[in-house]
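What the coordinates show
The residues making up each chain are set out below.
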Amino acid sequence: MKMPEKVKDIFNNEPVHQFATSSKTGVPNISNVGAKYLLDDETIIIVDNYMVKTLSNIIENPAVSILIRSGRESYQIKGSCSYFISGDIYEKAKKWMKSIGEKYPAKGALQIKVENIYNSNSAPGSGERFENSDK
Ligand SMILES: Cc1cc2nc3c(=O)[nH]c(=O)nc-3n(C[C@H](O)[C@H](O)[C@H](O)COP(=O)(O)O)c2cc1C
């Protein structure tokens, strides 16, 4: 689904988000992601620099969730993740990462297709799913 402007603004403007993954057997993991950008309104790119458990989880299980927050405004983004170590998605992500710092390894690129977004505010409406703007 397409991300609303207010979700894209927080995604782009906040420096670090929390990235939740899970193993095939359901063991959860959470990590920080700061190397991220939007490819388009419904596609997130995250660069794999240091991922260990996160990487094994996304290979076993593509279902992921990203928690984004600015002050008391917060959204939960859920989607399906693919992993690239070659090709256009990877080469573009690597170039972007290296332009920020040569020190970053850019081992791979995660492409997340956004499927659902939920309100994660601390207020009435929390937990509600956004209507798919495509429909
Ligand atoms: C502020 C901050 C931002 C981070 N951003 C990323 C990132 O974009 N990509 C990445 O591979 N690791 C990033 N990390 C490292 C992860 O938090 C984590 O250490 C790494 O994924 C290994 O943990 P794992 O075994 O849970 O995957 C970041 C760490 C911090 C503290």
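The rules behind the values
Residues numbered from 1 in each chain as written. Predicted model: local features only at pLDDT ≥ 70, side-chain atom pairs only at ≥ 80, totals over all residues. Heavy atoms only, no water. Helix = DSSP H or I, 4+ residues; strand = E, 2+ residues; numbered from the N terminus. Salt bridge = Lys/Arg side-chain N within 4 Å of Asp/Glu carboxyl O. Buried < 20%, exposed > 50% of the residue type's maximum accessible area, 1.4 Å probe, protein only. Phe/Tyr/Trp six-rings, centres within 6.5 Å; stacked < 30°, edge-to-face > 60°. Polar contact = N/O pair within 3.5 Å; in protein donor to acceptor, adjacent residues only side chain to side chain. Contact = heavy atoms within 4.5 Å. Near = heavy atom within 4 Å. Areas by Shrake-Rupley, 256 points an atom, 1.4 Å probe, with all protein chains shown as cover. Nonpolar A, V, L, I, M, F, W, Y, C, P; charged D, E, K, R; others polar. Pairing = 2+ DSSP bridges.

1. Comments concerning unusual backbone geometry
With a phi close to 45 degrees, Ala106 is a non-glycine residue in the positive phi region. Tracing the chain through its elements places Ala106 in the loop between α3 (87-100) and β7 (108-119).

2. Things to note about the pattern of salt bridges
Applying the stated rule across the entire model yields three salt bridges. Notably, a salt bridge pairs Lys8 with Asp41, separated by 2.8 Å at the nearest N-O pair. Within this pair, whereas Lys8 is found in helix α1 (residues 5-13), its partner Asp41 is found in the loop between β3 (36-40) and β4 (43-48), the two being separated by 33 residues in sequence. Residue classification places Asp41 among the partly exposed positions, given a relative accessible area of 31%. A salt bridge links Asp48 to Lys107, with the nearest nitrogen and oxygen atoms 3.3 Å apart. Of this pair, Asp48 sits in strand β4 while Lys107 sits in the loop between α3 and β7, and the two are 59 residues apart along the sequence. Residues joined in a network through salt bridges with shared partners are Glu5, Lys8 and Asp41.

3. Focus on the packing of aromatic side chains
With the rule as written, the count across this model stands at two aromatic pairs. A centroid spacing of 5.5 Å and a plane angle of 90 degrees characterise the contact between Tyr75 and Phe130, whose relative ring orientation is edge-to-face. In this pair, Tyr75 sits in strand β6 (residues 73-84) while Phe130 sits in the segment after β7, placing the two residues 55 residues apart along the sequence. When sorted by exposure, Tyr75 lands in the same class as Phe130, which is buried.

4. Overview of the side chain of Asp48
Judged by relative accessible area, which is 0%, Asp48 ranks as buried. In terms of polar contacts, Asp48 uses its side chain to reach the backbone amide nitrogen of Met51, at 3.0 Å. Among all residues touching Asp48, those that are not within four sequence positions of it are Leu55, Tyr83, Ala106, Lys107, Gly108 and Leu110.

5. Quick notes on the site of the ligand
Looking at the ligand, there are 15 residues lining it, with Asn29, Ala35, Asn49, Lys53 and Thr54 nearest. In the model, a nitrogen atom of the ligand is placed 3.0 Å from a nitrogen or oxygen of the Gly34 main chain. In this structure, a nitrogen atom belonging to the ligand sits 3.0 Å away from a main-chain N or O atom of Val47. Against a free-state accessible area of 630 Å², the protein chains account for coverage of 70% of the ligand. Every element with two or more residues in the shell around the ligand is listed here: β2 (28-33), β4 and α2 (53-60). Per element, the largest residue contribution to the shell around the ligand is four residues, and it comes from β2. Per-class residue counts for the shell around the ligand are seven nonpolar, six polar and two charged.

6. Brief notes about the pairing of β7
As judged from the six bridges shared by β4 and β7, these two strands associate in the antiparallel manner. Across the sheet, Val47 pairs through a bridge with Ala109, a residue of β7. Bridging between β6 and β7 involves ten bridges; their strand directions are antiparallel. From the neighbouring strand, Ser82 faces β7, where its bridge partner is Gln111.

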